[in-house]
Amino acid sequence: MQTFDTKSLPVPLRAIVVLMQRIWFAWCCLATVLIGLVALICYLFIFNFLDEKKAPYAAYVVTKWWGKSLLAAMLVRVTSEGLEKANHEGQAYVLVSNHLSIIDIPLCMSTAPVPFSFLAKQEVDKLPIIGYLARNMHVYVDRKSKESRRQTFARMKKHIDSGHSIHIYAEGTRNKTNELLQDFYDGAFKLAIETQQPILALTICGSDRVSTPKKPFLGKPAWVHCVWDEPISTQGMTLDDLEHLKTIVRERILHNLESYHATYQV
């Protein structure tokens, strides 16, 4: 599946394609707000009227609906494999994935086989709707503050110890390079080892064909494929095993990306 190259088009046609991409992007922004408002109403009920046992599952159902609805509105086709590999019976995971696009967030929301919280940037708190949801559902980190990072790690550990999964983009931010995968940060792997909880790795393939930080405010519908790998146990591991664990996860995700690109000639 070759990516369509607009550079080969005559200038007038190229301008039309760019205009359509900007219209699509504007529609996606509007859909995000409208669908987000519906989800917000549901979350307000969940956070204020359901008890601590029922609220996480109810929020998970709404979150999956939100992600699927948003991707459908964007005309993004999503396929997944490996969902059956996760144990759904109360097992907490450290979810780890690569990060290519802003749509990776609804992708994770719609395909994750277990309820989870994101590790969110502090700046998200300033966003309408998203900020409110992040304060109630996710864990913040201020990357500019060393003390904040320390406190965030303690909150994530408490979150995992209480039986809740958390999702961390191992590259730290969206991949803006020409490499398939950037280097991984230690945080997710240190968390998994210290809590002795398994890592559940997700490979996101092709989301940069929908929207990419290399071309902000442009985008188009496309097919995206998600691969969930077999959980990796950290039982008995110590921080001496951190680099080994990080290498195992990175090699799995890189292998999936290479297979996807080789198969579909992206």
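The shown structure was predicted, so the numbers you read here are calculated from the model rather than taken from an experiment. (Residues numbered from 1 in each chain as written. Predicted model: local features only at pLDDT ≥ 70, side-chain atom pairs only at ≥ 80, totals over all residues. Heavy atoms only, no water.)

## Digging into the confidence of the model for the protein chain
Part 1 of the reasoning: Confidence in the prediction for the protein chain averages 87 pLDDT; 86% of positions are at 70 or higher.
Part 2 of the reasoning: Within the protein chain, no element has a lower average pLDDT than helix α4 (residues 130–137), which sits at 68, and none a higher one than strand β6 (residues 199–205), at 97. (pLDDT = per-residue confidence, 0-100. Helix = DSSP H or I, 4+ residues; strand = E, 2+ residues; numbered from the N terminus.)

## Section: the packing of aromatic side chains
Part 1 of the reasoning: For the structure shown, the criterion picks out 11 aromatic pairs.
Part 2 of the reasoning: Ring centres of Tyr43 and Phe47 lie 5.6 Å apart, and the angle between their planes is 10°; on these two criteria the pair is classed as stacked. Of this pair, Tyr43 and Phe47 both sit in helix α1 (residues 11–49), 4 residues apart, which is roughly one turn of that helix.
Part 3 of the reasoning: Tyr43 gets classed as buried once you look at its relative accessible area, which sits at 1%.
Part 4 of the reasoning: A connected cluster of aromatic rings, assembled from ring pairs, spans Tyr43, Phe47 and Trp66.
Part 5 of the reasoning: Note that Arg250 overlies the ring of Phe184, its terminal NZ or CZ placed 6.0 Å from the centroid. (Phe/Tyr/Trp six-rings, centres within 6.5 Å; stacked < 30°, edge-to-face > 60°. Buried < 20%, exposed > 50% of the residue type's maximum accessible area, 1.4 Å probe, protein only. Lys NZ or Arg CZ within 6 Å of the ring centre and 35° of its normal.)

## Quick look at the environment of Arg155
Part 1 of the reasoning: Considering the arrangement of structural elements, one finds Arg155 in helix α5 (residues 146–161).
Part 2 of the reasoning: Judged by its relative accessible area of 37%, Arg155 falls in the partly exposed class.
Part 3 of the reasoning: Expressed as a C-alpha distance, the spacing of Arg155 and Val139, which sit 16 residues apart in the sequence, is 7.3 Å.

## Focus on the side chain of His225
Part 1 of the reasoning: Within the secondary structure, His225 sits in strand β7 (residues 223–228).
Part 2 of the reasoning: Accessibility expressed as a relative area gives 13% for His225, which makes it buried.
Part 3 of the reasoning: There is a polar contact of 2.7 Å between the side chain of His225 and the side chain of Thr79.
Part 4 of the reasoning: Once you skip the residues sitting within four places of it in the chain, His225 turns out to touch Thr79, Ser80, Glu81, Thr203, Ile204, Cys205 and Tyr260. (Polar contact = N/O pair within 3.5 Å; in protein donor to acceptor, adjacent residues only side chain to side chain. Contact = heavy atoms within 4.5 Å.)

## Overview of the state of the cysteines
Part 1 of the reasoning: One pass over the structure, following the stated rule, counts 0 disulfides.
Part 2 of the reasoning: No disulfide involves Cys205; its sulfur sits 7.5 Å from the nearest other cysteine sulfur, which is in Cys226.
Part 3 of the reasoning: Left unpaired, Cys226 is separated from the closest cysteine sulfur, that of Cys108, by 7.1 Å.
Part 4 of the reasoning: Given a relative accessible area of 0%, Cys226 falls into the buried group. (Disulfide = S-S within 2.5 Å.)

## Concerning helix α7 (residues 242–264)
Part 1 of the reasoning: Taking 1.5 Å as the rise per residue, α7 with 23 residues should run 33 Å; its terminal C-alpha atoms sit 33 Å apart, in good agreement.
Part 2 of the reasoning: The complete set of buried residues in α7 reads Leu242, Leu245, Lys246, Val249, Ile253, Asn256, Leu257 and Tyr260.
Part 3 of the reasoning: Along its buried surface, α7 packs onto β2 (94–97), α6 (187–195), β6 and β7. (Expected span 1.5 Å × (residues − 1).)

## A few points about unusual backbone geometry
Part 1 of the reasoning: Although it is not a glycine, Leu75 adopts a positive phi angle of roughly 65°.
Part 2 of the reasoning: In this fold, Leu75 is placed in the loop between α2 (55–73) and β1 (77–81).
Part 3 of the reasoning: In this model, Phe217 sits at a positive phi of 70°, which is unusual for a non-glycine residue.
Part 4 of the reasoning: As for its position among the elements, Phe217 is in the loop between β6 and β7.

## Focus on the side chain of Asp104
Part 1 of the reasoning: Along the polypeptide, Asp104 turns up in helix α3 (residues 104–111).
Part 2 of the reasoning: Comment: no salt bridge for buried Asp104; closest opposite-charge side chain is Arg174, at 7.3 Å.
Part 3 of the reasoning: Of note is the side chain of Asp104, whose polar atom sits 2.9 Å from the backbone nitrogen of Ser101.
Part 4 of the reasoning: Of the polar contacts made by the side chain of Asp104, one reaches the side chain of Ser207; its length is 2.7 Å.
Part 5 of the reasoning: Ignoring sequence-local partners within four residues, the contact set of Asp104 consists of Asn98, His99, Tyr169, Ile204 and Ser207. (Lys, Arg positive; Asp, Glu negative; His and termini not counted. Salt bridge = Lys/Arg side-chain N within 4 Å of Asp/Glu carboxyl O.)

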